[in-house]
Amino acid sequence: MLSRQTVDIVKAITPAVAANAETITRRFYERMFTANPEVKAYFNQAHQHSGSQQRALAGAICAYFTHIDQLDALGPAVEVIAQKHCSLGIQPEHYPIVGQNLLLAIGDVMGPAVTDEVVAAVTEAYQLLADICIHREREIYHQQLAQTGGWNGYRPFVVTRKERESEIVTSLYLQTADGGALASFLPGQYITVRIDHPVTPTSPRNYSLSDRPDVGHYRISVKRELALRADTPDGLISSYLHDQVSVGDRLEIGPPCGEFTLVPTLVPGRPVVLLAGGIGVTPLLSMAKALVHANVKTPLYFIQAARNSRVHALGGEVQELREAGAHVQTRVLYDAPLDDDLAHGRCDAAGTVDLDVLRDWTPHREAEFYFCGPKPFMQLVSRLLNQLEVDASRMHCEFFGPKQELMSPAAA
Ligand SMILES: Cc1cc2nc3c(=O)[nH]c(=O)nc-3n(C[C@H](O)[C@H](O)[C@H](O)COP(=O)(O)OP(=O)(O)OC[C@H]3O[C@@H](n4cnc5c(N)ncnc54)[C@H](O)[C@@H]3O)c2cc1C
Ligand code: HEM
């Protein structure tokens, strides 16, 4: 528990910290990567360039400071952070490094406002949050290790199959290199791929598992990330996985992690609506396949949005779900269909997810909604579900970057 005095001091400086949050976190990363270069390898350097990691940490700290006297409200945020940290192998000894550099960065930016009292209060508050995260991370590491085929850190896997799913998406099938057991996972979870890339050595990337659990392999389906501008590089690891990795090659893989799962959110008998935008189909397909395989007859509505048939990945597997029976319905929407896409029945309609689709085609008054896709898709779906008065407790989402990014309109 924090003392009343600490709570009061933290609350008093929160508006000033919030006003300077991004400058503080930028300064924090500069300081930390200079003083402690050993932690740099854990961070995605593209997220640093886009500023999304700065915004994630700044947002998390401001949210924490704002709710400093209602720590229960932090539960879901801590779970996102802890799952992400465990996917990357963050350890308790890293926390003082972050704490010290953060405090120094706050001092650099806010100057004399950071009195000894403020330093003491922020240190105490950071330590409490660190302890909460470390405690949850310890539990997750323990669970990972305790399960059959489980492991901590990185484990060598072999690529046993490589499938082109569309012009821009390729699936890799992975099995343990030593032939040992493969840990199960919760549909919706992701693994971490660590490649010794010449430009970004050891830089880890998360990939959602796109097949269902317990089929003898993991499968990831990777979109080739192209440069956003002429002066920026193509995505390093996705290009590498597409161009340089072949069947028989080894990859270092971190254990399944992530809180975007059907369990424990699934309510028996309540319909499930899955909304996929582009490559966001991967965790949702795993969920859908697992549900259908479990034969629980939960009403399942799967909307897959893509640009057109050239880039539409895994559509065949989404369609196959309907073979399970009338309780499974699917709908494919192309927002930029090719001339013959509609005529050949490659999609059900032109357009994207909109209010009419959600209102007329899904049981929106009672369903649990799970969605994943690029940032504009996520923001659109959230807005539409809000308009339909879907309670936040029935909305579950995954985002392929820091989740805080979804709240920032300025971000790329
Ligand atoms: C939980 C989770 C699950 C995910 N699941 C999947 C999945 O199932 N399938 C999938 O394909 N992806 C998935 N991702 C995304 C994946 O982790 C990678 O982010 C993605 O493959 C891009 O990585 P990259 O190394 O190819 O690109 P990066 O090299 O990280 O580049 C990403 C973008 O940043 C730009 N950039 C890079 N460096 C610079 C620079 N110096 N200056 C300016 N711009 C720069 C690039 O042009 C590119 O547009 C997931 C992410 C998360 C967090
Ligand atoms: C209490 C302290 C900390 C807080 C509040 C915090 C918060 C966060 C948040 C909000 C994210 C984004 C999660 C997401 O939505 O994907 C994140 C990711 C991350 N954190 Fe932490 N973190 C803390 C400590 C640490 C420590 C000690 C390290 C180790 C050096 C660390 C390393 C990382 C890394 C590497 C990522 C992923 C970054 C990326 O995508 O590039 N964090 N953290």
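Source: prediction; values computed, not measured.

Caption draft 1: Main features of the packing of helix α1 (residues 4-19) against helix α7 (residues 116-146). Look at α1 against α7: their axes get within 9 Å of each other, and the N-to-C directions meet at 105°. Put simply, α1 runs roughly perpendicular to α7. In this structure, α1 uses Thr6, Ile9, Val10 and Ile13 to contact α7, whose residues at the interface are Glu117, Val118, Ala121, Val122, Glu124 and Ala125.

Caption draft 2: View of the pairing of strand β9 (residues 328-334). Pairing analysis gives 7 bridges linking strand β8 (residues 300-306) to β9, with the strands arranged parallel. Counted as the bridge partner of Tyr301 is Gln329 from β9. For the handedness criterion, the β-α-β arrangement of β8, helix α10 (residues 315-320) and β9 is classed as right-handed. Bridge analysis of β9 against strand β10 (residues 349-350) gives 2 bridges, and the strand direction is parallel. Bridge assignment links Leu333 to a residue of β10, and that residue is Ala349.

Caption draft 3: Looking closely at the sheet that holds strand β1 (residues 155-164). Here 6 strands make up an open sheet; going across it, the order is β4-β3-β6-β1-β2-β5 and the pairing antiparallel. Every interior strand has two partners, whereas the edge strands, β4 (201-208) and β5 (218-223), have only one. Averaged over all neighbouring strand pairs, the angle between strand axes comes to 40°, with direction disregarded. As paired strands, strand β3 (residues 190-196) and strand β6 (residues 250-257) are joined by 4 bridges and run antiparallel to one another.

Caption draft 4: Inspection of the nonpolar core at higher detail. Judged by nonpolar contacts, the single largest core of 89 residues is most densely connected at Leu274, Leu275, Leu284 and Ala288. Per-element accounting of this core gives the leading share, 8 residues, to helix α9 (residues 281-294).

Caption draft 5: Just α9, in detail. Relative to the 20 Å expected for 14 residues at 1.5 Å per residue, α9 spans 20 Å between its end C-alpha atoms, a close match to the ideal helical length. Counting buried positions along α9 gives 12 out of 14 residues, so the element sits mostly inside the fold. Within α9 the residues assigned to the buried category are Val281, Thr282, Pro283, Leu284, Leu285, Ser286, Met287, Ala288, Lys289, Ala290, Leu291 and Val292. A positive backbone phi angle near 60° is found at Asn295, which sits one or two residues after α9.

Caption draft 6: Local environment of the pairing of β3. Most of β3 is tucked away: 5 of the 7 residues are buried. With 6 bridges connecting them, β3 and β4 associate as antiparallel partners. For Ile191, the partnering residue across the bridge sits in β4 and is Tyr207. As consecutive antiparallel partners, β3 and β4 are separated by 4 residues.

Caption draft 7: Expanded view of unusual backbone geometry. Positioned with a positive phi, Lys297 is a non-glycine residue whose angle comes to about 60°. If you trace the backbone, Lys297 turns up in the loop between α9 and β8. The phi angle at Leu314 is positive, at roughly 65°, despite the residue not being glycine. Within the element layout of this structure, Leu314 appears in the loop between β8 and α10. For Leu314, a count of 24 C-beta atoms within 10 Å puts it in the buried group.

Caption draft 8: Focus on the domain arrangement of the protein chain. Taken as a whole, the protein chain is organised into domain 1 (4-146), domain 2 (155-257) and domain 3 (272-407). Here the C-alpha centre of domain 3 lies 34 Å away from the C-alpha centre of domain 1. The interface of domain 1 with domain 3 comprises 8 residues on the first partner and 6 residues on the second. Tallying contributions element by element places helix α4 (residues 52-66) first for the side of domain 1 that touches domain 3, with 6 residues.

Caption draft 9: The packing of helix α2 (residues 21-35) against α4, seen in detail. Look at α2 against α4: their axes get within 9 Å of each other, and the N-to-C directions meet at 120°. The angle between α2 and α4 places the two elements in the oblique class. Viewed along their axes, α2 and α4 form a crossing whose handedness is right-handed. Counted together, Ala21, Glu22, Ile24, Thr25, Arg26 and Tyr29 of α2 and Gln54, Arg55, Leu57, Ala58, Ile61 and Cys62 of α4 form the full contact between these two elements. Looking at the contact of α2 with α4 residue by residue, the class counts come to 7 nonpolar, 2 polar and 3 charged.

Caption draft 10: How the structure looks around the site of ligand 2. Inspection of the region around ligand 2 gives 24 residues, with Tyr42, Asn44, Ala60, His94 and Lys403 positioned closest. Looking at the shell around ligand 2, the elements that each hand over two or more residues are α4, α5 (75-88), α6 (95-110) and α7. For the shell around ligand 2, the element with the most residues is α5, which contributes 5 residues. The residues that make up the shell around ligand 2 include at least three from each of domain 1 (4-146) and domain 3 (272-407).

Conventions we followed
Residues numbered from 1 in each chain as written. Chains lettered and ligands numbered in written order. Predicted model: local features only at pLDDT ≥ 70, side-chain atom pairs only at ≥ 80, totals over all residues. Axes fitted to C-alpha atoms, helices over the stretch in contact; angles between N-to-C directions. Helix = DSSP H or I, 4+ residues; strand = E, 2+ residues; numbered from the N terminus. Parallel < 35°, antiparallel > 145°, perpendicular 65-115°, else oblique. Contact = placed C-beta atoms within 7 Å. Pairing = 2+ DSSP bridges. Right-handed = clockwise from strand over helix to strand, strands pointing away. Core = buried A, V, L, I, M, F, W, Y, C linked by C-beta atoms within 7 Å. Buried ≥ 20, exposed ≤ 12 C-beta atoms within 10 Å, placed from the backbone. Expected span 1.5 Å × (residues − 1). Domains from an automatic or database assignment. Left-handed = near helix turned anticlockwise from the far one by under 90°. Nonpolar A, V, L, I, M, F, W, Y, C, P; charged D, E, K, R; others polar. Near = placed C-beta within 6 Å.

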